[in-house]
Amino acid sequence: MHEYALIQTLLRRVEEEARGRGALAVHRLEVRLGELSGVDPELFLTAYETFREGTICARAPLAVTRVPATWSCPTCRRAIAHGGPLRCEPCRAPARLDEGGDALTLDRIEMEVE
């Protein structure tokens, strides 16, 4: 249930940003959620619906974009097949997780400012 703690942190961060810009309201939030982030997207959205009441985000929908985990060779940049060994066959180098595959990223806050 760490999704609840993540949403509480997200809401605090959004409120800080909104307050710092003199926002009257937040109209939309967009986040990217990596496949290997350890966050359940459905629980994340449920937690948002639960905790946004009474905040500046009360009327703001949350859009979640799921980011697949992809791997590549850090030496030759060759893509590693999904489900295959995490090693580059030609280089024998261990694969590296590409950016975003394990992250939770706040991409956008749409807000109304004075």
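Each remark here, short or long, concerns the structure printed above.
Residues numbered from 1 in each chain as written. Predicted model: local features only at pLDDT ≥ 70, side-chain atom pairs only at ≥ 80, totals over all residues. Heavy atoms only, no water.

Chemist: I tried to follow the pattern of salt bridges on my own but got confused; where do I start?
Modeler: Once the charged atoms of two side chains with opposite charge are near each other, the side chains can pair. Per the counting criterion, the structure on display carries 9 salt bridges. A salt bridge links Arg28 to Glu30; the nearest nitrogen and oxygen atoms lie 3.0 Å apart. Salt-bridge contacts for Arg108 lead to Glu110; the nearest nitrogen and oxygen are separated by 3.0 Å. A residue is classified by how much of its surface remains accessible, and Glu110, at 27% relative accessible area, is partly exposed. In this structure, a network of salt bridges that share partners links the residues Arg13, Glu16, Glu17 and Arg21. (Salt bridge = Lys/Arg side-chain N within 4 Å of Asp/Glu carboxyl O. Buried < 20%, exposed > 50% of the residue type's maximum accessible area, 1.4 Å probe, protein only.)

Chemist: I'm lost on the sheet that holds strand β3 (residues 71-72) in this one. Help?
Modeler: Neighbouring strands of a sheet are bound in pairs by backbone hydrogen bonds; such pairs are parallel or else antiparallel. One open sheet holds the 3 strands; their spatial order is β4-β3-β5, and the pairing between them is antiparallel. Two strands bound the open sheet, and with one partner strand each, they are β4 (79-80) and β5 (96-97). (Pairing = 2+ DSSP bridges. Helix = DSSP H or I, 4+ residues; strand = E, 2+ residues; numbered from the N terminus.)

Chemist: I'm lost on the packing of helix α1 (residues 2-20) against helix α2 (residues 41-51) in this one. Help?
Modeler: Angle between the axes and distance between the axes: these two values describe a pair of packed helices. For the pair α1 and α2, the least separation of the axes is 9 Å and the interaxial angle reads 50°. With respect to each other, α1 and α2 are oriented oblique. Between α1 and α2 the crossing geometry is right-handed. For the pair α1 and α2, contact is made by Glu3, Tyr4, Leu6, Ile7, Gln8, Leu10 and Leu11 and by Leu43, Phe44, Thr46, Ala47, Tyr48 and Phe51, respectively. Here the residues of the contact of α1 with α2 are counted per class, giving 10 nonpolar, 2 polar and 1 charged. (Axes fitted to C-alpha atoms, helices over the stretch in contact; angles between N-to-C directions. Parallel < 35°, antiparallel > 145°, perpendicular 65-115°, else oblique. Left-handed = near helix turned anticlockwise from the far one by under 90°. Contact = heavy atoms within 4.5 Å. Nonpolar A, V, L, I, M, F, W, Y, C, P; charged D, E, K, R; others polar.)

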